[in-house]
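The primary structure of each chain is shown beneath.
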Amino acid sequence: MSLLIAQNLTKNYQRGIEKVKALDNVSFAVNRGQFIAITGPSGSGKTTLLHILGCLDKPTSGEVYIDNKPVSKMTEKELDNVRRLKVGFVFQQFYLLPELNVIENVKLPLLFSGNPKKVEEEYIDEILNFLGIINRKKHKPNQLSGGEMQRVAIARSLVNKPEFILADEPTANLDTENGKKIFELLIKLVEKNITVIVVTHNNELANMAQKKIVLKDGVIV
Amino acid sequence: MTFRELALKSLYRHKIRNFLSLLGILSSVAVLYAILSFNKSFTNNLNDELNKTGVHFMVVSAGCPHEVASLVLHGAVIPKFLQPEIKNKLEEKLEGKYDILSPMLVFQIPNIQKQRIDLIYGLEMDNIKHLKPWWKISGKIPQNNNEVLLGYEIADHDKIKIGDKYRIKDEKDYIVTGIIEKTSSKDDAFIYVPLSEAQLISGQKNGITAVGVKLKKSEALNETIDILSREIPGIQIVTINQILTSISTLASGARVLSLSVVAIAILISTIGILNVILMTVFERTQELGMMRAIGASKTDIFRIIIEESIILTTTGGFLGIVFALLLSKVIEKFIKSFMPYVPQGDLVVFDPLLGFFCFIFAILLGIIAGFYPAFRATKISPIQAIKG
Ligand SMILES: Nc1ncnc2c1ncn2[C@@H]1O[C@H](COP(=O)(O)OP(=O)(O)OP(=O)(O)O)[C@@H](O)[C@H]1O
Ligand SMILES: [Mg+2]
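These numbers were taken from a predicted model, which means no experiment stands behind them.

1. With respect to the overall build of chain B
Scanning chain B from N- to C-terminus turns up 14 helices and 10 strands. When the 388 residues of chain B are sorted by exposure, 52% land in the buried category. Of all intrachain contacts in chain B linking residues separated by at least 6 positions in sequence, the fraction that spans at least 24 positions is 80%. Computed over 42 positive and 36 negative side-chain charges, the inter-centroid distance for chain B is 9 Å.

This is the structure we're talking about:
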């Protein structure tokens with residue numbers, strides 16, 4: 001059974017009087033524990049697709065199924081719960097809060113209401129250890145390198161034990177070396193049966209994934 | 001971590017800006033507390049003062065404006081004199097059913113040497129302990145016509161000590177036998193002189209401006225007033241209750257004015273808070289959008305923002321109350337400067353109930369100021385915010 005199904009996803013944007021087709025009839029399925037890379041030239045619709053999969057945006061037509069539940073039928077509250085508990089988002093710009101230290105940034109999602117999962121300190125230590133930032137716990141973001149900041153962001157996305165991770169160009173702000181390390185970490189997550197969908201421009205990194213979805217002008221090629 | 005800790009840390013990002021808006025709330029709550037405390041004590045102290053006065057009513061000349069008549073006990077200068085025979089008529093009609101019958105003569109007279117006007121309060125010195133029982137007098141009450149009692153301000157201003165001389169009307173020196181300790185009321189500004197001497201100074205032989213009366217039985221008050229008004233023409237009777245009401249009415253104008261000033265100050269400082277909170281919402285669009293993307297509900301976002309606003313106003317409110325108490329003397333002096341009459345005693349004082357009220361009010365201001373920014377924050381769409 002597929003964890004995530006995209007069915008005939010189409011997304012139109014209105015830019016002035018011009019209609020932009022960002023996604024055109026995109027369909028695919030993702031199984032639990034898969035590592036998927038989405039690539040394609042700039043403007044091909046990668047970010048748009050990722051946002052729709054992560055329930056941040058709605059398609060113009062088509063449907064996303066998460067655990068066989070159609071997203072369009074979900075209430076606002078259910079969508080909040082999906083974002084909080086099932087999905088972990090990692091962004092190109094990390095988005096760490098500057099006045100919080102590493103551990104506080106990682107625990108930020110636990111603050112938000114309606115959290116039935118209990119997360120133990122040991123689990124958080126385990127993630128930090130796994131990501132190699134355990135000795136950075138009390139540091140502020142401005143005391144960290146880019147690679148370390150992205151690892152903190154990944155730790156934050158993992159803290160609620162999500163079923164899948166969505167990452168939009170997580171390595172774009174990092175050098176080759178650090179970018180590769182991040183991908184190696186993502187692979188290790190997949191080994192722990194977490195599904196990872198990552199958008200990247202970098203072909204070499206995309207080739208490390210089990211499956212590649214290549215977009216061009218909103219269509220899978 | 002809690003929402004409060006998160007809000008505190010975010011506030012810390014713009015320390016100076018937030019501190020300045022906090023100062024706005026601080027000062028308006030300080031003034032609010034001071035004025036409310038003043039008003040409350042004003043009524044209480046006035047009640048107290050008049051209750052302690054052993055007089056049931058004052059008799060003044062008919063046609064004298066009611067408000068001015070009310071102030072007679074507190075030294076209003078009335079241009080109209082009572083007929084000299086009024087005192088005898090009162091004694092006659094009251095048939096000995098009184099404890100006190102105290103004629104008084106209040107007038108002003110130029111003091112050329114000191115370039116000012118002296119306020120003279122003439123009364124029978126034995127009556128002082130009935131009329132002003134709360135006075136603390138150092139020295140003695142005058143016994144002879146060449147002796148005077150000074151209000152605190154006069155003595156303090158001229159650096160006069162007991163035993164010194166005080167010259168009235170630039171012709172006669174009087175021995176100061178006593179000085180009244182500070183009452184913080186108009187009493188501080190008078191020179192108290194035996195009635196007959198006051199009549200001599202004023203040039204009004206047998207002149208009196210008012211008579212204070214205390215009956216033996218207070219139940220007979222209304223009946224007695226009826227009889228006196230009917231049988232003695234040319235007089236007007238003001239009871240202590242009427243005095244209380246008149247003074248309160250006089251003060252209420254100043255009260256309304258001061259409260260409207262506070263209302264405007266509060267409005268402005270609340271808009272100040274609204275403004276800085278709204279600014280942080282705009283500045284943190286991406287950050288708040290990110291929080292939405294990682295699972296914050298709209299309610300969570302609303303709480304984070306409103307919490308910041310409430311922290312600012314409650315901190316400002318709390319410090320404002322502390323500030324009002326620390327500066328109570330200065331504030332009191334300022335408010336007194338535009339009040340027509342002020343009873344004795346401290347007026348801006350610690351009052352737990354009032355403090356609690358002001359604190360709750362500050363929380364309310366926080367909710368009001370934070371509501372719109374928080375509402376705006378819930379409208380931030382995660383996609384616009386984090387578009388990579
Ligand atoms: N809000 C919007 N309004 C109008 N057009 C939009 C909007 N967002 C995206 N687009 C358009 O949709 C298309 C796909 O955008 P998208 O951001 O998904 O591309 P992308 O593959 O992520 O590109 P990049 O690699 O540069 O990040 C682009 O042509 C873009 O200009
Ligand atoms: Mg993109």
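Additional details are given in the paragraphs that follow.
2. Things to note about the interface of chain A and chain B
Facing 23 residues of chain A, the contacting portion of chain B comprises 26 residues. A buried area of about 2,400 Å², summed over both sides, lies between chain A and chain B, and 63% of it is on carbon and sulfur atoms. On the chain A side of the contact with chain B, A:Tyr95, A:Leu111 and A:Phe112 bury the most area, a combined 26% of that side's loss. For the pair chain A and chain B, the interface holds 6 salt bridges. Applying the counting criterion to the chain A and chain B interface returns 5 residue pairs in polar contact (both at pLDDT 80 or more). The class makeup of the residues in the side of chain A that touches chain B is 12 nonpolar, 3 polar and 8 charged.

3. Some points on the layout of surface pockets
Residue and element names in this part refer to chain A. Within this model, the second largest pocket holds a volume of roughly 360 Å³. In terms of lining residues, the second largest pocket is bounded by 18 residues, among which Gly43, Ser44, Gly45, Thr47 and Thr48 are the most central. Those elements giving two or more residues to the lining of the second largest pocket turn out to be strand 1 (2-15), strand 2 (18-31) and helix 1 (46-53). Of the residues contributing to the lining of the second largest pocket, the split by class is 3 nonpolar, 10 polar and 5 charged.

4. Comments concerning the packing of helix 2 (residues 15-52) of chain B against helix 12 (residues 328-336) of chain B
All names here are of chain B. Closest axis-to-axis distance for the helix 2/helix 12 pair is 11 Å, and the angle between their directions is 65 degrees. Considering the angle they form, helix 2 stands roughly perpendicular to helix 12. For the pair helix 2 and helix 12, the crossing hand works out as right-handed. Touching Ala34, Ile35 and Phe38 of helix 2 are Ile331, Glu332, Ile335 and Lys336, all from helix 12. Of the residues belonging to the contact of helix 2 with helix 12, the class tally is 5 nonpolar, no polar and 2 charged.

5. Comments concerning the domain arrangement of chain B
In many reports, interface size means the accessible area that the parts give up when they come together. Assigned domains within chain B: domain 1 (3-48 + 251-387) and domain 2 (63-233). Placing a centre on the C-alpha atoms of domain 1 of chain B and another on those of domain 2 of chain B gives a separation of 48 Å.

6. Some words on the sheet that holds strand 4 (residues 61-66) of chain A
Residue and element names in this part refer to chain A. Reading across from one edge, 2-1-4-5 is the order of the 4 strands in this open sheet, with antiparallel pairing throughout. Looking at which strands have only one partner, the edges of the open sheet turn out to be strand 2 and strand 5 (69-70). The pairing of strand 1 with strand 2 spans 10 bridges and is classified as antiparallel. Note that in strand 2 the partner of tyrosine 13 across the bridge is valine 20.

7. Some points on the environment of A:Leu174
Within the secondary structure, A:Leu174 sits in the loop between strand 7 (164-168) and helix 6 (176-191). Considering only alpha carbons, one finds A:Leu174 and A:Gly146, 28 residues apart in sequence, at a separation of 6.2 Å.

8. Digging into the site of ligand 1
Residues and elements named next belong to chain A. Not every one of the 15 residues close to ligand 1 is listed here, only the nearest: Ser42, Gly43, Lys46, Thr47 and Thr48. Between an oxygen atom of ligand 1 and a side-chain N or O atom of serine 42, the distance comes to 2.5 Å. A distance of 3.0 Å is found between an oxygen atom of ligand 1 and a backbone nitrogen or oxygen belonging to glycine 45. Relative to its unbound accessible surface of 640 Å², ligand 1 loses 76% to contact with the protein. Judged by the proximity of its atoms to the pocket grid, ligand 1 belongs to the second largest pocket. For the shell around ligand 1, the secondary structure elements donating two or more residues are strand 1, strand 2 and helix 1. The element contributing the most residues to the shell around ligand 1 is helix 1, with 3 residues.

9. Observations concerning helix 5 (residues 146-158) of chain A
The first and last C-alpha atoms of helix 5 of chain A sit 19 Å apart over 13 residues, in line with the 18 Å expected at 1.5 Å per residue. Summarising burial for helix 5 of chain A: 12 of the 13 residues are buried, a large majority. The set of residues buried in helix 5 of chain A consists of A:Gly147, A:Glu148, A:Met149, A:Gln150, A:Arg151, A:Val152, A:Ala153, A:Ile154, A:Ala155, A:Arg156, A:Ser157 and A:Leu158. Buried residues along helix 5 of chain A sit in contact with strand 6 (87-90), helix 3 (102-111), helix 4 (121-131), strand 7 and helix 6 of chain A together with helix 10 (285-293) of chain B.

10. Let's talk about empty space enclosed by the protein
Residues and elements named next belong to chain A. In total, this model carries 5 cavities of 30 Å³ or more according to the counting rule given. The space that makes up the largest cavity amounts to roughly 60 Å³. Those elements giving two or more residues to the lining of the largest cavity turn out to be helix 2 (76-86), strand 6 and helix 5. The dominant element in the lining of the largest cavity, judged by the number of residues it contributes, is strand 6, at 3 residues. Among the residues making up the lining of the largest cavity, the classes are represented as 5 nonpolar, 3 polar and 3 charged.

Criteria and thresholds
Residues numbered from 1 in each chain as written. Chains lettered and ligands numbered in written order. Predicted model: local features only at pLDDT ≥ 70, side-chain atom pairs only at ≥ 80, totals over all residues. Heavy atoms only, no water. Helix = DSSP H or I, 4+ residues; strand = E, 2+ residues; numbered from the N terminus. Buried < 20%, exposed > 50% of the residue type's maximum accessible area, 1.4 Å probe, protein only. Contact = heavy atoms within 4.5 Å. Lys, Arg positive; Asp, Glu negative; His and termini not counted. Charge placed at Lys NZ, Arg CZ, Asp CG, Glu CD. Buried area = accessible area lost by both parts, 1.4 Å probe. Salt bridge = Lys/Arg side-chain N within 4 Å of Asp/Glu carboxyl O. Polar contact = N/O pair within 3.5 Å; in protein donor to acceptor, adjacent residues only side chain to side chain. Nonpolar A, V, L, I, M, F, W, Y, C, P; charged D, E, K, R; others polar. 1 Å grid on protein atoms, 1.4 Å probe; cavity = no way out; pocket = protein on both sides within 12 Å on 5 of 7 lines; lining within 4 Å. Points joined across faces, edges and corners; volume = space filled by probe spheres on them. Axes fitted to C-alpha atoms, helices over the stretch in contact; angles between N-to-C directions. Parallel < 35°, antiparallel > 145°, perpendicular 65-115°, else oblique. Left-handed = near helix turned anticlockwise from the far one by under 90°. Domains from an automatic or database assignment. Pairing = 2+ DSSP bridges. Near = heavy atom within 4 Å. Areas by Shrake-Rupley, 256 points an atom, 1.4 Å probe, with all protein chains shown as cover. Sits in = over half its atoms within 2 Å of the grid points. Expected span 1.5 Å × (residues − 1).

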